[in-house]
Amino acid sequence: MDLYLPALPQMTEMFSTSRAMINLTLGGYLVAFAVGMLFWGPLSERTGRKPVLFVALGIYIAASLLCAASFSVEALIAARIPQGFAGGGVTVVGTAIVKEMFDGRERERVMARVMSLVLIAPMVAPVLGAFLLKIASWRVMFVVLALFGGLAAALVSQYRETLAEKSTGPFVKSWNRLGVVLLNPRFAFLLVIFAAAPMSLMALIGISAYVYVDRFGMSEQAFSFLFAFNAACAMIGPTLYLRLSRSIAVQTIILSCFGIIALGGLAMLTFGGLSPFGFAAIAATTTLAVIILRVPGANLLLDQQLRDTGSAAALIQFSGTLLGAAGILIVTASSHDLIRNYGILLVAIGSICVAMWLAVRHRPFVADTLFRPDAPPAYQTNKEPEMP
């Protein structure tokens, strides 16, 4: 997603189209990515994790090459859809694998490490994309993505299957488990809270190139460095969460992060349009808050389910991604003032999530699951709660 961000303004001119149409290459990818997770997650419970990874990566590679060969914005959007659909399979299976291999506090540590590594990509990708844009066209970026897909497939060949017991029911019924997970009211309520925060992050991705290049008149290379700064701040989020949670209750950390998002929106409305560096500083702060939320949010949601790990992981990733796509569409629906639109979105997300979190933060299914810095070792294992 991030590799071709520096080329978005150029692609708008080359295809002689609108920002909204070019942003559909992002929004279409995200929607397909989200739907793909709903498809691949339950399916992996029936076939195992490794076959899904191989098939999804094969589709991803082919779709990336189709993107590179697109000669109209409509064709590019069409090719991005199977690319996103396949990418969703890799993401959801990765989350399920972590759940199967680790538990409790150790799972939080592993999730933090994985997220930190994953966040290197948004830091490096725009810089690499801007470099590629200097020596070649935007089409080469999608060829590079196909090569990355091939590298990932080579790594998957070394993976040992972690699903201990595969589902034996009919294939068609694999997707019924999504409904079973959603009928868990604890999981569903928490899902709404933690899926809303990524809207602000995806919205930032959708407007950043236009804000830096068009609004502030910066070069694509300068934009890539400011975007990399945002990603670098995000990369410390998981590690920062682990350190904070040693002495601060997780409930308090979560509440503070939602508050930072709301305050970041107010700061964006007040100062965001004054300079690119002010915009970058506010965006980096809110991004850090969103990333910190991902570790305890995912762990808390996974702890609500004893079974159906693939379906639970699919719903977690699907909801965050789908709302993220909605965030992009919301802030770009009116291009008159993208910074104002983004600030309003931040205030709305932060305020709503603060209210919802205050309603459940002390409920047993939350308080008895989250790690407490003063808890004895037996408590810190985060034993699975009984199904409601």
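Keep in mind that this is a model prediction, so the values were computed, not measured. (Residues numbered from 1 in each chain as written. Predicted model: local features only at pLDDT ≥ 70, side-chain atom pairs only at ≥ 80, totals over all residues. Heavy atoms only, no water.)

(A) Fine view of the overall build of the protein chain. For the protein chain, the helix and strand inventory stands at 17 helices and zero strands. By its C-alpha atoms, the protein chain is 60 × 45 × 30 Å across when sized along the principal axes. The 388 residues of the protein chain split such that 55% are buried. Pairs at least 24 residues apart make up 84% of the contacts formed inside the protein chain by residues separated by at least 6 positions. Accessible surface computed for the protein chain: about 15,800 Å², of which carbon and sulfur atoms make up 69%. Positive and negative side-chain charges in the protein chain, numbering 27 and 19 respectively, have mean positions lying 2 Å apart. (Helix = DSSP H or I, 4+ residues; strand = E, 2+ residues; numbered from the N terminus. Buried < 20%, exposed > 50% of the residue type's maximum accessible area, 1.4 Å probe, protein only. Contact = heavy atoms within 4.5 Å. Areas by Shrake-Rupley, 256 points an atom, 1.4 Å probe, with all protein chains shown as cover. Lys, Arg positive; Asp, Glu negative; His and termini not counted. Charge placed at Lys NZ, Arg CZ, Asp CG, Glu CD.)

(B) How the structure looks around the packing of aromatic side chains. Throughout the structure, instances matching the rule amount to twelve aromatic pairs. Taken together, a centroid distance of 5.9 Å and an interplanar angle of 20 degrees make the contact between Y29 and F33 stacked. With Y29 and F33 both in helix 2 (residues 19-47) and four residues apart, this pair spans about one turn of that helix. A residue is classified by how much of its surface remains accessible, and F33, at 12% relative accessible area, is buried. Taken together, the ring pairs connect Y4, F15, W138 and F142 into an aromatic cluster. The side chain of R139 reaches across the aromatic face of F71, ending 4.3 Å from its centre. (Phe/Tyr/Trp six-rings, centres within 6.5 Å; stacked < 30°, edge-to-face > 60°. Lys NZ or Arg CZ within 6 Å of the ring centre and 35° of its normal.)

(C) Spatial organisation of the pattern of salt bridges. Following the criterion strictly, the structure yields five salt bridges and no others. Across the pair E45 and R49 runs a salt bridge whose closest N-O atoms are separated by 3.6 Å. Both residues of the pair, E45 and R49, belong to the buried class. Within this structure, E45, R49 and E100 form a network of salt bridges that share partners. (Salt bridge = Lys/Arg side-chain N within 4 Å of Asp/Glu carboxyl O.)

(D) Inspection of a nonpolar patch on the surface at higher detail. On the surface, L263, L266, L269 and I344 cluster together to form a nonpolar patch covering roughly 380 Å² of accessible area. With three residues, helix 13 (residues 250-271) is the largest single contributor of residues to the nonpolar patch. You can call L263 exposed: its relative accessible area is 57%. (Patch = residues over 30% accessible without salt bridge, like charges linked within 9 Å, V, L, I, M, F, W, Y side chains within 5 Å.)

(E) Region of interest: the environment of R80. Looking at the secondary structure, you find R80 in helix 4 (residues 73-101). For R80, a relative accessible area of 1% translates into the label buried. Along the chain, R80 and Y60 lie 20 residues apart, while their C-alpha atoms are 9.3 Å from each other. With residues near it in sequence (within four places) discarded, R80 still touches M1, Y4, T25, L26, Y29, C67 and F142.

(F) Representation of the environment of I22 in the model. Following the sequence through the fold, I22 ends up in helix 2. For I22, a relative accessible area of 0% gives the class buried. With 14 residues separating them in the primary sequence, I22 and L8 have C-alpha atoms 7.0 Å apart. When sequence neighbours within four positions are dropped, the list of residues in contact with I22 reads L8, M11, T12, F15, T17, V73 and Y210.

(G) Main features of the side chain of N230. With respect to the helices and strands, N230 occurs in helix 11 (residues 220-235). Excluding anything up to four places from it in sequence, N230 contacts L204, A283, A284 and T287.

(H) Structural context of unusual backbone geometry. For S16, which is not a glycine, the phi torsion comes out positive at approximately 50 degrees. With respect to the helices, strands and loops of the structure, S16 is situated in the loop between helix 1 (8-14) and helix 2.

(I) Spatial organisation of the packing of helix 15 (residues 309-332) against helix 16 (residues 338-360). Their axes nearest at 8 Å, the elements helix 15 and helix 16 cross at an angle of 135 degrees. Classed by the angle they form, the pair helix 15 and helix 16 counts as oblique. When the axes of helix 15 and helix 16 are compared, the crossing they make is right-handed. Residues G327, I330, V331 and T332 of helix 15 form the contact with helix 16, whose own contacting residues are L338, N341, Y342 and L345. Among the residues making up the contact of helix 15 with helix 16, the classes are represented as five nonpolar, three polar and no charged. (Axes fitted to C-alpha atoms, helices over the stretch in contact; angles between N-to-C directions. Parallel < 35°, antiparallel > 145°, perpendicular 65-115°, else oblique. Left-handed = near helix turned anticlockwise from the far one by under 90°. Nonpolar A, V, L, I, M, F, W, Y, C, P; charged D, E, K, R; others polar.)

(J) Up close: helix 7 (residues 139-156). Look at helix 7: 26 Å from first C-alpha to last across 18 residues, which is about the 26 Å you get at 1.5 Å a residue. Taken as a whole, helix 7 has its buried residues at R139, M141, F142, V144, L145, A146, G149, A153 and V156. (Expected span 1.5 Å × (residues − 1).)

(K) View of the packing of helix 9 (residues 185-196) against helix 15. Remark: helix 9 packs on helix 15, axes separated minimally by 8 Å, with the N-to-C direction vectors making an angle of 40 degrees. Classed by the angle they form, the pair helix 9 and helix 15 counts as oblique. Two packed elements cross with a definite hand, and for helix 9 against helix 15 that hand is right-handed. Here helix 9 contributes F187, L191, A195 and A196 to the contact with helix 15, which in turn contributes A312, L315, I316, S319, G320 and L323. Here the residues of the contact of helix 9 with helix 15 are counted per class, giving eight nonpolar, two polar and no charged.

(L) Spotlight on the state of the cysteines. Per the stated rule, a full pass over the model turns up zero disulfides. Distance from the sulfur of C257, which forms no disulfide, to the nearest cysteine sulfur (C353) is 11 Å. (Disulfide = S-S within 2.5 Å.)

(M) Expanded view of the environment of F85. In this fold, F85 is placed in helix 4. In this structure F85 comes out as partly exposed when scored by relative accessible area, which is 25%. When the C-alpha positions of F85 and S334 are compared, they lie 28 Å apart, and in sequence the two are 249 residues distant. Among all residues touching F85, those that are not within four sequence positions of it are A32, F33, V35, G36, F39 and W40.

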